[in-house]
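# Structural description and commentary
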Amino acid sequence: MYEYELYRITSDELIRRADAAREVRAARLARRAARRTGRGDPGERVSQDLHFVHAA
């Protein structure tokens with residue numbers, strides 16, 4: 001029974017860590033999006049029509 005309890009505690013801790021990591025990631029993305037909208041940047045990639053020449 002001790003092994004099962006230890007497994008449950010470890011599993012619950014890993015789930016809490018994963019949830020916390022997801023929350024941090026979401027907060028970072030939200031801050032980044034807020035910065036982009038704050039400076040008038042659409043936050044999208046540059047048009048695909050541009051072609052750059054690579055130096056040899």
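Note that residues are indexed from 1 along each chain, following the sequence as it is written. Confidence filtering applies because this is a predicted model: local features only for residues at pLDDT of at least 70, side-chain atom pairs given and counted only at 80 or more, and all residues used for totals across whole chains, interfaces and linings. Side-chain figures throughout are based on the complete set of non-hydrogen atoms in the structure, without hydrogens or water.

Note on definitions: salt bridges are taken to be side-chain nitrogens of Lys or Arg within 4 Å of carboxyl oxygens of Asp or Glu. Summed over the entire model, instances satisfying the criterion amount to four salt bridges. R8 is the salt-bridge partner of D12, the closest N and O atoms lying 3.9 Å from each other. In this pair, D12 and R8 are both assigned in helix α1 (residues 2-38), four residues apart and thus about one turn of the helix distant. For the exposure calls, accessible area comes from a 1.4 Å probe over protein chains only, and a residue counts as buried if that area is under 20% of its type's maximum, exposed if over 50%, partly exposed in between. What makes R8 partly exposed here is its relative accessible area of 37%. Here E13 and R17 are joined by a salt bridge, their closest N and O atoms 3.2 Å apart. Here E13 pairs with R17, and both are found in helix α1, just four residues apart, close to one helical turn. For R17, a relative accessible area of 55% corresponds to the exposed category. The network of salt bridges with common partners includes E13, R16 and R17. Helical segments are the DSSP runs of H or I of at least four residues, strand segments are the runs of E of at least two, and each set is numbered from the N terminus.

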